[in-house]
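Summary of structural features
One-letter residues, chain by chain:
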Amino acid sequence: MAAPDRGRPVGDDEADAALAPLLRYSCIALAISGGADSTALLLLVASWRARRPDGPEIHILTVDHALRRESAGEARGVAALAERLGLPCRILVWSGIKPASNRQAAARAARQALLVAASRELRAEALVLAHHLDDQAETFLIRLARGSGVYGLAAMDGIAVWQDEAGLPLPVLRPLLGFPKERLVATCRAARVSWCEDPSNDDAAYTRTRMRVLMPQLAEEGLDAETLGRTAARLGRAAAALDELVGRTLVRHARFHPAGPARVDVAGLAGLPREVLLRLLARLLRTIGGDPYPPRLERLERLAERLARGPSVQSTLAGVVARRRGETVFFWRESGREGIAPLAASGPGRFVFDRRFELVLPSGVSCEVTALGPLAASPFPRSVADDWPVAAFQAAPLLRLSEDAAYCPGLGGSPPPGVRVARLADEESPWRRELVSNPFDRDEI
């Protein structure tokens, strides 16, 4: 983008193209902080919605962190602007005692939890954030400094996923990643709308602030936001190509048991490029363990090295046991010291057990889901384990439908009509694409 264009407001045609993905949803929520970026998002979406009568229902969410005296007034300002634009707004307050250290990280986690919970209450199908091109460039530099691999350097994706307390996924959209901050500021100025500034954005104690200060110097050497953004996009395409190869490898050489564990032929991993092998391990750990994020790259590398040492090794990472037995590596969810929390559910509805399994219940059906525990003490014969390690099934979901009826996918029993339980990352899950995309997306709003 030429330098003069950086100060030009975002035009209607550009906004229509950027916001087109929002049309796939019937109801969305916008996270608006009151800063220039999110204020521009609010203005652009409101104008776009006025041009699109077939567009989604829109709700505005703003968070008062109660960390500064001005924050309550800023939240009311967002609500007033939303009302002026004809959009409903809900103010979410982070209440309770605030931590003395790591306050920015705690605020980010609290903000995410509040936004997801409110989106659920409003039945919003997606949450829209105002990340822009400069955010993308800063994220790229932060991850470069951390030594991230291809996936980390792909930085932020246009679509990611957050999970609520139960584990149900919520798509998160970033339609403004192609626009620099200057154009969003110009959009606010053209609309004669003011915005607020958070002083913590200028605090040099935070890595992102220090990277932001470096950006003008890097731009003089040709490393401007556009260049860094293009590099991140190219790495994103490379990551997608690696993902396709990972998927094909798993189809050929892995077997996923309906009860949760997986097994992979060592011969199928031999000769894989290092980056593909690490991505494959990351996907297995996330799928089997249910953790929203895979472990850091260096931990994945250590796991790969350990599994390659010999035919009889075992390691635990990200809540997943990886055991090599001869020419097969088994992966299963570790029960942990505190065990796995049970789930009591009554239909109709969708529920998530242990962030790994989606349970669909029709009206009138209730059940309790627990971890299976030792196979010898379960309602099913030990022989159902076939040639799997019996320990691999301790975390399997056991559905207690009545005193006499129990069901565990792939191990025994039969579910009533209309009851479905499947791994969240299964091909048939409507959330599979979002769940496997860009799992290194850690630097949230």
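See above for the structure.
Every value quoted in this text rests on a predicted model; they were computed, and no experiment measured them.

Reading guide: rules and limits
- For every chain, the first residue of the written sequence is number 1, and numbering continues from 1 onward in sequence order.
- Local features are withheld for residues below a pLDDT of 70 in this predicted model, meaning they are given only at 70 or higher, and side-chain atom pairs are given and counted only at 80 or more; totals for whole chains, interfaces and linings count all residues.
- The side-chain numbers reported here are obtained from all heavy atoms of the structure, hydrogens and water having been left aside.
- Only the stretch in contact is used when a helix axis is fitted, and all axes are lines through C-alpha atoms; the angle between N-to-C directions ranges over 0 to 180 degrees.
- Strands here mean DSSP runs of E at least two residues long; helices mean DSSP runs of H or I at least four residues long; both are numbered from the N terminus.
- Throughout, the term roughly parallel applies to angles under 35 degrees, roughly antiparallel to angles over 145, roughly perpendicular to angles from 65 to 115, and oblique to all others.
- Crossings are assigned a handedness: left-handed for a near helix turned anticlockwise from the far helix by less than a right angle, right-handed for a clockwise turn.
- Throughout, a residue-residue contact means that at least one pair of heavy atoms, one from each residue, lies within 4.5 Å.
- Just so you know the grouping, Ala, Val, Leu, Ile, Met, Phe, Trp, Tyr, Cys and Pro go in nonpolar, Asp, Glu, Lys and Arg go in charged, and all remaining residues, Gly too, go in polar.
- For two strands to be treated as a pair, DSSP must find no fewer than two bridges joining them.
- Under the pairing criterion, centres of Phe, Tyr and Trp rings, with the six-membered ring standing for Trp, must be within 6.5 Å; the plane angle then separates stacked pairs below 30 degrees from edge-to-face pairs above 60, leaving the rest tilted.
- Burial classes follow relative accessibility: with a 1.4 Å probe on protein chains only, a residue under 20% of its type's maximum area counts as buried, one over 50% as exposed, and anything between as partly exposed.
- Ring-over charges, as used throughout, are those where CZ of Arg or NZ of Lys falls within 6 Å of the ring centre and within 35 degrees of the ring normal.

1. Details of the packing of helix H9 (residues 225–253) against helix H11 (residues 274–289)
Interhelical geometry of H9 versus H11 gives an angle of 70 degrees and a closest axis separation of 9 Å. Taken together, the axis directions place H9 and H11 in an arrangement best described as roughly perpendicular. Helix-helix and strand crossings are classified by hand; for H9 and H11 the assignment is right-handed. Mapping the contact onto sequence places Leu242, Asp243, Leu245, Val246, Gly247, Thr249 and Leu250 in H9 and Glu275, Val276, Arg279, Leu280, Arg283 and Leu284 in H11. Of the residues belonging to the contact of H9 with H11, the class tally is seven nonpolar, two polar and four charged.

2. Observations regarding the sheet that holds strand E4 (residues 126–128)
Across the sheet, six strands lie side by side as E3-E2-E1-E4-E6-E5; this open sheet has mixed pairing. Of all the strands in the sheet, the pair left with one neighbour each is strand E3 (89–93) and strand E5 (159–163). Looking at each pair of strands side by side, their axes are set apart by 30 degrees on average, direction ignored. Pairing of strand E1 (residues 27–31) with E4 involves three bridges; the strand directions are parallel. Its bridge partner lying in E4, Ile28 is registered against Ala126. In the packing of helix H3 (residues 71–84) onto the sheet, the strands contacted are strand E2 (57–64) and E3, and the crossing angle to E2 comes to about 170 degrees.

3. Regarding the sheet that holds strand E13 (residues 349–353)
The strand order across the open sheet built from three strands is E13-E14-E18, with neighbouring strands paired in antiparallel fashion. Each of the sheet's edge strands pairs with one partner strand only, and the pair in question is E13 and strand E18 (420–423). Strand-to-strand, the axes of this sheet are offset by a mean angle of 20 degrees, without reference to chain direction. Pairing geometry for E13 and strand E14 (residues 357–361), over five bridges, is antiparallel. Across the sheet, the residue bridging to Phe351 is Leu359, located in E14.

4. What to know about the packing of aromatic side chains
The way to describe two aromatic rings as a pair is by their centre distance and the angle between their planes. Under the counting rule described, the total for this entry stands at two aromatic pairs. With 6.1 Å between their ring centres and 65 degrees between their planes, Trp388 and Phe393 make a pair best called edge-to-face. Take Phe393: its relative accessible area is 0%, and that puts it in the buried class. Taken together, the ring pairs in this structure connect Phe330, Trp388 and Phe393 into an aromatic cluster. Its end group placed over the ring of Trp94, Lys98 keeps NZ or CZ at 5.1 Å from the ring centre. The ring of Trp388 has Arg263 sitting right over it, with the charged end atom 5.1 Å from the ring centre.

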